[in-house]
Amino acid sequence: MSELEEKTENGSTDSLEMGVSEEQKAEGDSGIGAGVLFFIAAFAVCFLSGWLLFPNLLYSKKEQPFNFNHALHVEEMGGCDSCHYFREDGSFAGVPKLAQCVDCHAEVMGDTEDEAVFVAEYVEKEKEVPWLIYSEQPDCVFFSHSAHVVGAQMDCVSCHGHIGESTTMKPYEENRITGYSRDIWGKNIWGFKKNSWDRMKMDDCAECHEKETGSKGACFQCHK
Amino acid sequence: MTQQNHGNAHKFGMVIDLDKCTGCGSCMVACMSENNVPFKEDESNKKDSITWMRVYKLTNGKSFPDTDVCYLPRPCMHCGGKGDHGHSPCVSVCPATATDYDYGTGIVSQIYTRCFGCRYCMGACPYHARFFNWWDPKWPEGMEEYLSPDVSPRMRGVVEKCSFCFHRYQAAKDKAYLEERDTVAEEEYQTACTQACPSGAITFGDLNNPDHAVHQLVNPDPHHCGRPRNPKAFRLLERLETNPKVYYISEREWVRKAGDNYLDGEWEKAKMKKTKGHE
Amino acid sequence: MKVDRRSFLGLGLGAAAGVAVTPATWKLMDDSSIWTQNWPWTPVPPDGEVTFEDTVCTLCSGNCGISVRKINGRPVKIEGTTGHPVNDGGVCLHGISALQYLYDPSRVKSPMIKTDDTWKEVSWEKALAHAAEALGNIRKADNANAIACITDNDKGTVSGLFKRLTTVLGSNNYYTMDTMEKAWATTIDAVNGVKAHVGFDLKNSDLILSFGSGFIEGWGAPVYNFQVNARRKTHGIKLIQVEPRLSNTAAAADKWVPAKPGTEADLALAICGVLITKGLYNKKAIQADDPSFKAFAKMAQEKYSPARTARTTGIDVASIQNLAMAFADAEKPVAIAGRGKGDSAGSTREFAAVYALNCLAGNINAPGGFWLMDKDPAEVWPSIEMDAMATQGFARAKFVETDTVDSLMAKVTASAKSPVEALLVYNANPCYSLKNAKAVTEAVKKIPFVISFSSYMDETTQLADVVLPSHMFLERREDVSLTGPVPLDITALTRPMVSPLFDTRHPGDSVLSLAAAMEGSVAASFPWESYDACLEAVKAPVWKALSEKGSVVKEPVSLVKKIERMDFSLLLNDTAVVAAEGDEATYPLVLMPVDNIRLTGEIAASPFAVKTVSDKVLKGTDSFIEINPETADQLRLSQGDEVTLTTPVGSAIVKVNLFDGIMPGVLAMAHGLGHTMAENPYVGGKGVNVNALVGPVMDAISGLDAAWGIRAKISRV
């Protein structure tokens, strides 16, 4: 240790007082070289894991109980509101309950395996399907569908994207730290947003509110 | 902060007839039940007992048999602050923007997830209307079943207070939107305490709307930040210029006098001023 | 390559720089801040469809209509039903708290049997067999009459089933708890010789003269009265309150008359005297030449002259005369009695004196007056079958002649061996709510076998041998008849708002299954498959309306035409005066239990309700007594001092609360504290039960408990 310290001390004194000699340079180079190497290696490892590993570690993936074909249902039933409707009191019913599905699916009507699972596991057992809701906001948020859909005449796609055209259900990704759905947090790990439906965080609400109403709105407008 | 729709904004407020109030406590419990207010084994230390709506007992200080008692329910006053510009005592001091003034409704919010528990607002509030969660709420086994999804349960370390049951306004607006109405009718948005009061002592509505009972009861003076023009009506600590949206009515002079801390002779002057002001 | 300090530096810097240009740091910062806002242990109540379902609250005799707000079928809140004839949208704090009674984890969750002071959860079959065996053994020993039963009242089919069970087991020892309605009924019976329900048409009156009734503190149908009180301002109804303490009612009244405690009847009679002297009574209603009226008039005028009464009551002559004039001047005056909430009986003399005032005003069954009503229960019960054991037992003398649990308990206390060998208790908690609760507790302990049907481990249930727990009212269907003194005849149906949470049963079904487990002909008198079937059959005359609309509201039938005599001679009798127990020399003060709307009696108040109680009534586990500052000064006591309060019945350590509104020399203590329910720390173990400090005083006429207070002393701890 003491040898090493001495060298470093000499080196630095030299460079201060007389400039750097070739010999010393070579010696110093090897030190800096190792440092740079370590730097580059650490940078690379962290950079790559930050971009590649971390996003995968941050979210746990869960599969829906069975696959649901939105496109097929939209074709058969019409618009989104034929299943995702408003209750008389103005509240939004969200994901349909079993009772609604049973109207058509009391018995198996198609030939998909998923429907068979649905009828056997849920309809016959009178058990609600434990759907994982991609756009579920945390408990502190109040969101009024009627204000947006009826009041502001927004379409579903603005926030939910083209889910109505999907034929399969993507896995539900849950943030391991916050418990939020990835669709709330944003698909893009860096937070870049291409479409209005890419993310549903407070800033996204505020951005649109400011644009449309001239104000981000008061806290209670969206919080409970 | 922008003042949106200041011209035709609502100004929700409450008028409490202290001569009708019997001190029964229905408002307190209706509030607790509506807003998921927790309870502890011992709630007799009133300093840490969370009651968004609290009924105080006032006495006239006279000895038997000239004693008189009055009960005074105290929700959050939803102060408009000096000049009624929305600078409520609590809002002005919050470093976290966890409480704000809604210019569209006049309601002072409290956002639990935003609050980090510094309690400045509690120190600033002259009405003791704010409460701190010293502990995590704990419901006895199975009692969590009755919690309402309309108000999120609070966690340890945050401040909470009366919201004028804002979630009921949200629900009423939801219905109005669906029915393509612009306005929410007076009876559609009532707070839980107003609804529960078996004496009908509490009236709630839009102070800016001359058709609403609250406006008619107190006749707020728009040139003096809503000061009541009804001589029997008063607001708590009027001279602080906090401009509360909760008004009280009483035929009893000692009760009206109890609404502020008057020094000797001040009450008489205040009365004179009030009478003159309305001539 | 050497690994030196620079290498480590490089490593660290590289890692930092590498992470910095990835989203990880920023995202983790954001995530962890969000994480702090979402503790996993903070509950997230599930959202869903909002629905409302109506039922009736049976926590008190007011029977308000309540609407239960549900989220996806899960009850979350209780509100008053708009348009309901009793409460029209209003609701009291206890009704709102009913969900806390429903979800209370300290409820009795399954049948239990006690052996050697240890409770054990058992199956219904086992508990029923155990109870049936004990009752059977008593019957077999030709001692069926030693089975006694206590219920809160005798109205409705469930009480009917208990009474029926008691009868067919072979016992006439069926008792109900005292209430002011019962005291009114015995008074009317004594004066007029008719069996009547009383009601006060307060809404339509213009002067309410209240003798100690906590008109806005839970008296009668509480919410109904709150609404009457609110009408006073708009409809010009005056309220005069006679009471030694500035209660909430006195504070709300137009005039407070602080008569000395226990002299309310004297004041009422003095007012009668003034009215008669001045001829200011309704001459159509009163036959002046009737000899019994003449005797009454003479007594009221002489014995209760304003001058004499001024001395007894402490109310000056002019005030007495002014009271009489105010009563005479009013167009529709009504006088009411029944102290505090009216949860106990009271002195017949007091009730009769107040009734006399109403008779003089001629307001019997008049709008805004005092109503005597005949309420047809509209029930059809099939005939009963009594076996030999039952007939033999039923033929024996009832233990106590009057229907009062106090006397029954006094009898048990007085006997070396309890004459009651088995006791069935339903909807009653005598060990808490009867005066001298300690003596009652000792008496119940002497009874060899006690069966409780309570949903809660209350004071009486703690002493039971078997608990057959009942569904609470939000879990069951049952008919309830309004018993509060409201001029309405309402029979309503409670409806289950949720499936029962625990292994409890409908009390009606418990009776049916207990009967079925008995030997002999007991079961034959209960031919129904279930309580639901019994309800439908027994209530057949009104079942259609009841089941469809949820309630049957009838115009009350007036009993005025049935009145043949009006005999107030019972007032001539001095023995009817009810004095406070204890001698003045030893006990210079008077203690009065006072009712507080935020507390309940028989069943403990909910956690929400207890939370609203003032810290000058309850602080930690300490009860307070109210005392006038003048009296406190004499005793050198100040606010918050700890004192020993002693009465002839017992003593307790309490704290002092100075209150200008209480008469000097009088102490007041809130009723409803001191429940011992250890499993429920939110409401149990708080304060002192004032009933343990006040003894019962049997009324000389009715035999009901007429105690209004007791003499007391206090000394510093």
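Criteria and thresholds
- Starting from 1, residues in each chain are numbered consecutively following that chain's sequence as written.
- Whichever chain is written first becomes A and whichever ligand is written first becomes 1, with later ones labelled in order.
- Reporting of local features is limited, given that this is a predicted model, to residues whose pLDDT is at least 70; pairs of side-chain atoms are given and counted only at 80 or more, and all residues count toward the totals for whole chains, interfaces and linings.
- UniProt positions are given in the numbering used here, feature names are shortened, and annotations may be inferred rather than shown by experiment.
- Runs of E in the DSSP output that reach at least two residues are strands. Runs of H or I that reach at least four are helices, and both are numbered from the N terminus.
- The reference for a compact globule is 2.2 Å times residues^0.38; the radius of gyration itself is calculated from the C-alpha atoms.
- Using C-beta atoms placed from the backbone, we call a residue buried if 20 or more other C-beta atoms fall within 10 Å of its own, exposed if 12 or fewer do, and partly exposed for counts in between.
- Each residue is represented by a C-beta atom placed from its backbone, and any two residues with such atoms within 7 Å are regarded as in contact.
- For helices, the axis comes from a line fit to the C-alpha atoms of the stretch in contact; other axes are also lines fit to C-alpha atoms, and the angle between any two N-to-C directions lies between 0 and 180 degrees.
- Any angle between 65 and 115 degrees counts as roughly perpendicular, while under 35 counts as roughly parallel, over 145 as roughly antiparallel, and the rest as oblique.
- For this classification, the nonpolar set comprises Ala, Val, Leu, Ile, Met, Phe, Trp, Tyr, Cys and Pro, the charged set comprises Asp, Glu, Lys and Arg, and every other residue, Gly included, is treated as polar.
- Per-residue confidence from the prediction method is given by pLDDT, with values spanning 0 to 100.
- Joining buried Ala, Val, Leu, Ile, Met, Phe, Trp, Tyr and Cys residues through C-beta atoms within 7 Å gives a set, and that set is a nonpolar core.
- We call two strands paired when DSSP finds no fewer than two bridges between them.
- An automatic or database domain assignment supplies the residue ranges for each domain.
- Each crossing is labelled by how the near helix is turned from the far one, with a counterclockwise turn of less than a right angle marking it left-handed and a clockwise turn marking it right-handed.
- The span you would expect from a helix comes to 1.5 Å times its residue count less one.

- Per an unreviewed UniProt entry, chain C goes by the name Anaerobic selenocysteine-containing dehydrogenase and belongs to Desulfocicer vacuolatum DSM 3385.
- Looking at chain C in UniProt, the text filed under Sequence similarities (unreviewed entry) is "Belongs to the prokaryotic molybdopterin-containing oxidoreductase family."

**Remarks on the overall build of chain C**
Then, number 1: Secondary structure summary: chain C contains 24 helices and 27 strands in total.
Then, number 2: Compactness check: chain C gives a C-alpha radius of gyration of 29 Å against a globular reference of 27 Å for 717 residues, within 12% of the reference.
Then, number 3: Projecting the C-alpha coordinates of chain C onto the three principal axes gives extents of approximately 130 × 65 × 50 Å.
Then, number 4: Counting across all 717 residues of chain C, residues that qualify as buried make up 60%.
Then, number 5: For chain C, the share of sequence-separated contacts (at least 6 apart) that also reach a separation of at least 24 residues comes to 74%.

**Comments concerning the overall build of chain B**
Then, number 1: Helix and strand counts for chain B stand at eight helices and ten strands.
Then, number 2: Relative to its length of 279 residues, chain B is compact, with a C-alpha radius of gyration of 19 Å against a globular reference of 19 Å.
Then, number 3: Referenced to the eigenvectors of the C-alpha coordinate spread, the extents of chain B come out at roughly 55 × 50 × 40 Å.
Then, number 4: In chain B, which comprises 279 residues, the share counted as buried stands at 55%.
Then, number 5: The long-range fraction of contacts in chain B, counting pairs at least 24 apart against all pairs at least 6 apart in sequence, stands at 60%.

**Quick notes on the packing of helix H12 (residues 306-313) of chain C against helix H13 (residues 317-329) of chain C**
All names here are of chain C.
Then, number 1: Remark: H12 packs on H13, axes separated minimally by 8 Å, with the N-to-C direction vectors making an angle of 110°. The pairing of H12 with H13 is recorded here as roughly perpendicular in orientation. Judged by residue contacts, Pro306, Ala307, Thr309 and Ala310 of H12 engage Val317, Ile320 and Gln321 from H13.
Then, number 2: Classifying every residue of the contact of H12 with H13 by side-chain character gives five nonpolar, two polar and no charged.

**So, the confidence of the model for chain C**
Then, number 1: Looking at chain C, pLDDT values average 95 and 100% of them are 70 or higher.
Then, number 2: Confidence metrics for the complex model read pTM 0.93 and ipTM 0.95.

**Regarding the interface of chain C and chain B**
Then, number 1: Facing 60 residues of chain C, the contacting portion of chain B comprises 49 residues.
Then, number 2: Broken down by class, the residue content of the side of chain C that touches chain B amounts to 35 nonpolar, 15 polar and ten charged.

**Observations concerning the UniProt feature "domain: 4Fe-4S Mo/W bis-MGD-type" (unreviewed entry) in chain C**
Then, number 1: Look at the UniProt record and you will see "domain: 4Fe-4S Mo/W bis-MGD-type" (unreviewed entry) annotated at residues 50-106 of chain C.
Then, number 2: The span residues 50-106 of chain C carries 16% helix and 37% strand; its end-to-end C-alpha distance comes to 28 Å.

**Structural notes on the interface of chain A and chain C**
Then, number 1: In this assembly, 32 residues from chain A lie in contact with 28 residues from chain C.
Then, number 2: Each residue belonging to the side of chain A that touches chain C can be placed in one class, and the counts come to 20 nonpolar, nine polar and three charged.

**Observations regarding the nonpolar core**
Side chains of nonpolar character tend, in soluble globular proteins, to be buried together.
Then, number 1: Ala268 and Ile271 of chain C are the most contacted members of the largest nonpolar core, which totals 317 residues.
Then, number 2: Apart from residues no more than four positions distant in its own chain, isoleucine 271 of chain C is found in contact with Ile320, Leu323, Ala324, Phe327 and Leu357 of chain C.
Then, number 3: The next biggest cluster of nonpolar side chains, apart from the first, holds twelve residues, and it includes Phe39, Cys46 and Tyr59 of chain A together with Ala15 of chain C.

**A few points about the sheet that holds strand S18 (residues 489-494) of chain C**
Residues and elements named next belong to chain C.
Then, number 1: Strand order across the open sheet formed by three strands is S17-S18-S19, with antiparallel pairing between neighbours. Strand pairing shows two members of the sheet lacking a second neighbour, strand S17 (478-481) and strand S19 (551-554), which therefore form its edges. Each neighbouring strand pair of the sheet contributes to a mean axis angle of 15°, computed without reference to strand direction.
Then, number 2: Direction of pairing for S18 relative to S19: antiparallel, over a ladder of four bridges. Paired with aspartate 489 across the strands is lysine 554, a residue of S19.

**Considering unusual backbone geometry**
Then, number 1: Cis geometry is adopted by the peptide bond preceding proline 65 of chain B, which originates at phenylalanine 64 of chain B and carries an omega value of 0°.
Then, number 2: If you trace the backbone, proline 65 of chain B turns up in the loop between strand S2 (54-59) and strand S3 (69-74).
Then, number 3: The phi dihedral of glutamine 153 of chain A is positive, around 55°, even though this residue is not glycine.
Then, number 4: Looking at where glutamine 153 of chain A falls in the secondary structure, it is placed in the loop between helix H6 (145-151) and helix H7 (157-160).
Then, number 5: Exposure remark for glutamine 153 of chain A: the 7 C-beta atoms within 10 Å place this residue in the exposed category.

**Comments concerning the pairing of strand S24 (residues 642-646) of chain C**
Residues and elements named next belong to chain C.
Then, number 1: For S24 and strand S25 (residues 651-658), the ladder comprises five bridges, and the chain directions are antiparallel. When the bridges of S25 are listed, threonine 644 appears paired with isoleucine 653.
Then, number 2: When S24 meets strand S27 (residues 710-716), the two strands line up antiparallel, connected through four bridges. In the sheet register, threonine 646 faces S27, and the bridge partner there is lysine 713.

**Topic: the pairing of S27 of chain C**
Then, number 1: Taken together, the three bridges between strand S21 (residues 589-594) of chain C and S27 of chain C define a ladder with antiparallel strand orientation. Bridge pairing in S27 of chain C links leucine 589 of chain C to alanine 712 of chain C.

**Focus on the sheet that holds strand S3 (residues 74-80) of chain C**
One key point about sheets: their strands pair by backbone hydrogen bonds, in either a parallel or an antiparallel sense.
Residues and elements named next belong to chain C.
Then, number 1: The antiparallel open sheet is built from three strands, whose spatial order is S1-S2-S3. The open sheet has two free edges, formed respectively by strand S1 (50-56) and S3, since each of these has just one partner strand. With strand direction ignored, the average angle separating the axes of adjacent strands in the sheet is 30°.
Then, number 2: The pairing of S1 with strand S2 (residues 65-71) spans seven bridges and is classified as antiparallel. Paired with aspartate 54 across the two strands is serine 67, which belongs to S2.

**Comments concerning the confidence of the model for chain B**
Then, number 1: In the predicted model, chain B carries a mean pLDDT of 93, and 95% of its residues have values of at least 70.
Then, number 2: Across residues 1-7 of chain B, confidence stays below pLDDT 50; counting only partners more than four residues off in sequence or on other chains, it has nine contacts.

**Thoughts on the environment of phenylalanine 164 of chain B**
Residue and element names in this part refer to chain B.
Then, number 1: Position of phenylalanine 164 among the secondary structure elements: in the loop between strand S5 (159-161) and helix H4 (166-178).
Then, number 2: Taking the C-alpha atoms as reference points, phenylalanine 164 and cysteine 76, 88 residues apart in sequence, are found 7.7 Å from one another.
Then, number 3: If sequence neighbours within four positions are ignored, phenylalanine 164 has contacts with Phe12, His78, Ile107 and Thr191.

**Some thoughts on the domain arrangement of chain C**
Residue and element names in this part refer to chain C.
Then, number 1: Assigned domains of chain C: these are domain 1 (5-37), domain 2 (48-111 + 480-500), domain 3 (112-179 + 378-479 + 501-554), domain 4 (196-373) and domain 5 (580-716).
Then, number 2: Listed as interface residues are 20 residues of domain 4 and, on the opposing side, 21 residues of domain 5.
Then, number 3: A breakdown of the residues in the side of domain 4 that touches domain 5 according to their chemical character gives six nonpolar, nine polar and five charged.

**Considering the environment of alanine 356 of chain C**
Residues and elements named next belong to chain C.
Then, number 1: Its place among the elements puts alanine 356 in helix H14 (residues 348-361).
Then, number 2: Judged by local crowding, alanine 356 falls into the buried class, with 27 C-beta atoms found within 10 Å.
Then, number 3: Along the chain, alanine 356 and arginine 69 lie 287 residues apart, while their C-alpha atoms are 46 Å from each other.
Then, number 4: Aside from chain neighbours lying at most four places away, what touches alanine 356 is Cys272 and Phe568.

**Looking at the packing of helix H4 (residues 98-105) of chain A against helix H5 (residues 113-123) of chain A**
Residues and elements named next belong to chain A.
Then, number 1: Where H4 meets H5, the axes come as close as 12 Å, and the angle between the chain directions of the two elements is 125°. By the criterion of interaxial angle, the relationship of H4 to H5 is oblique. For the element pair H4 and H5, the recorded crossing hand is left-handed. Residue-level inspection shows Leu98, Val102 and His105 of H4 in contact with H5, the latter providing Glu115, Phe118, Val119, Tyr122 and Val123.
Then, number 2: Classifying every residue of the contact of H4 with H5 by side-chain character gives six nonpolar, one polar and one charged.

**Examining H14 of chain C**
Residue and element names in this part refer to chain C.
Then, number 1: An ideal rise of 1.5 Å per residue puts 20 Å on 14 residues; H14 measures up with 20 Å between its terminal C-alpha atoms.
Then, number 2: Buried residues dominate H14, accounting for 14 of its 14 residues.
Then, number 3: Of the residues flanking the end of H14, it is glycine 362, one or two places downstream, whose phi is positive at about 65°.

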